[in-house]
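Single-letter residue listing:
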Amino acid sequence: MHPKLKNLTAATALSLAALTAPAHAEMIAKTSPHSVAETIDRLEAAVKAAGATVFARIDHAAGAKSVDQDLRPTQLLIFGNPKLGSPAMQDAQTAGLDLPLRVLAYADGEGVVHVTYHAPSSLVATHGLPADAPYLKMMTGALDKLTSKAVAAE
C-alpha cells in the first residue's frame, strides 16, 4: 500500500471512530445541605444499611494537600452489589471499567455541596449492555434512593 494511502486510511479510520464513539455519560446531580464529609458519611451509612459493599472512599482534597496543592472538599465513594454488577459484567466484561458504582461529592466555589454520578443507562452505549436489563433499572433506583438519603435535610 502506498504510504500516503496508508496515512489516509488511518486518518479515515480515526475520524470514523470519533464519529461512532459513545456520547459522554449522562451525569445525575443533586445538591446537599450537608458538608462533603457528612454527605459521604450519610451515603456510606445508607449503602451499608442497604446491604451493599463499600469498596473505597477517596478524599481527593487530602490527596491534593499531600502534594501541596489546594482543592475544595471533594470525596468519592465506590460501592456496589455483586448481585447487580456481576450480571452486567457477564453481558460485557468491559462494564468493569465503570463498576462498582461511584458517587462524587464536592463543594463548589460558593460552598454549595453537589452529589454527582453517572446514570447507569450510560453503560448501554459505553459497553453495549441491553437497554432493558433489569440490573440497570435496579442500579438506577438504588443510586437515586441512596443519594436521596445522603442529601436529605434530616
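Residues numbered from 1 in each chain as written. Predicted model: local features only at pLDDT ≥ 70, side-chain atom pairs only at ≥ 80, totals over all residues. Heavy atoms only, no water.

Student: Could you give an account of the nonpolar core, naming the residues involved and the relevant values?
Tutor: Judged by nonpolar contacts, the single largest core of 30 residues is most densely connected at Leu 43, Phe 79, Leu 129, Tyr 135 and Met 139. Breaking this core down by element, the ones donating at least two residues are helix H2 (36–49), strand S3 (74–80), helix H4 (82–91), strand S4 (101–107), strand S5 (113–118) and helix H6 (134–151). The element best represented in this core is H6, accounting for seven residues. Not counting the four nearest positions on each side in its chain, Met 139 is found in contact with Leu 84, Gly 85, Ala 88, Leu 99, Leu 101, Pro 120 and Leu 123. (Core = buried A, V, L, I, M, F, W, Y, C linked by side-chain atoms within 4.5 Å. Buried < 20%, exposed > 50% of the residue type's maximum accessible area, 1.4 Å probe, protein only. Helix = DSSP H or I, 4+ residues; strand = E, 2+ residues; numbered from the N terminus. Contact = heavy atoms within 4.5 Å.)

Student: Mind laying out the sheet that holds S4, listing which residues take part and the relevant values?
Tutor: Strand order in the open sheet formed by five strands is S1-S5-S4-S3-S2, with antiparallel pairing between adjacent strands. A strand with exactly one partner marks an edge of an open sheet, and here the two such strands are strand S1 (27–32) and strand S2 (53–59). Averaged over neighbouring strand pairs, the angle between their axes works out to 20° when direction is ignored. Across six bridges, S2 lies against S3 in antiparallel orientation. Bridge pairing links Ala 56 to Ile 78 in S3. H2 contacts S1, S2, S3, S4 and S5 of the sheet and is inclined by roughly 5° relative to S3. (Pairing = 2+ DSSP bridges. Axes fitted to C-alpha atoms, helices over the stretch in contact; angles between N-to-C directions.)

Student: Talk me through unusual backbone geometry; I want residue IDs and the actual numbers.
Tutor: The omega torsion across Leu 99 and Pro 100 is 0°, close enough to zero to call that bond cis. Note that Pro 100 resides in the loop between H4 and S4. The backbone phi angle of Asp 68 is positive, close to 55°, even though this residue is not glycine. For Asp 68, the location among the structural elements is in the loop between helix H3 (60–65) and S3. Using a relative accessible area of 75% as the deciding quantity, one classes Asp 68 as exposed.

Student: Go over H4, please, and point to the residues and values.
Tutor: Every buried residue of H4 is listed here: Leu 84, Gly 85 and Ala 88. One face of H4 carries all of its buried residues, which in axial projection span an arc of 90°. With respect to the buried face of H4, the exposed residues turned more than 90 degrees away are Pro 82, Lys 83 and Gln 90. Of the surrounding elements, those touching the buried residues of H4 are H6. Structurally, the start of H4 carries an N-cap: the backbone nitrogen of Lys 83 is 2.8 Å from a side-chain oxygen of Asn 81. (Arc of directions from axis to C-beta. Polar contact = N/O pair within 3.5 Å; in protein donor to acceptor, adjacent residues only side chain to side chain.)

Student: Go over the pairing of S4, please, and point to the residues and values.
Tutor: Covered by surrounding structure in S4 are Leu 101, Val 103, Ala 105 and Ala 107 only, the residues Arg 102, Leu 104 and Tyr 106 on the alternate face being uncovered. Judged from the six bridges that link them, S3 and S4 form a sheet pairing that is antiparallel. Among the inter-strand pairings, Phe 79 is bridged to a residue of S4, identified as Leu 101. Where S4 folds back onto S5 in an antiparallel hairpin, the turn is made up of five residues, including Gly 111, whose phi is positive at roughly 90°.

Student: Quick one: what's the story with the confidence of the model for the protein, residue by residue and with numbers?
Tutor: The predicted model of the protein has a mean per-residue pLDDT of 89, with 85% of residues at 70 or higher. Every residue in residues 5–22 scores below 50 in pLDDT, and together they form four contacts with partners more than four places removed in sequence or on other chains. (pLDDT = per-residue confidence, 0-100.)

Student: Give me the environment of Asp 132: which residues, what numbers.
Tutor: On the secondary structure map, Asp 132 appears in the loop between helix H5 (122–127) and H6. Each C-alpha atom of the pair Asp 132 and Ser 121 lies 9.4 Å from the other, and the pair is 11 residues apart in sequence.

Student: An account of the side chain of Thr 74 is requested, with residue identities and associated values reported.
Tutor: Among the structural elements, Thr 74 can be located in strand S3. Looking at Thr 74, its side chain comes within polar contact range of the main-chain oxygen of Arg 72, at 2.8 Å. In this structure Thr 74 touches Val 36, Ile 58, Asp 59, His 60, Ala 61, Leu 104, Ala 105 and Tyr 106, once residues within four positions along its chain are discounted.

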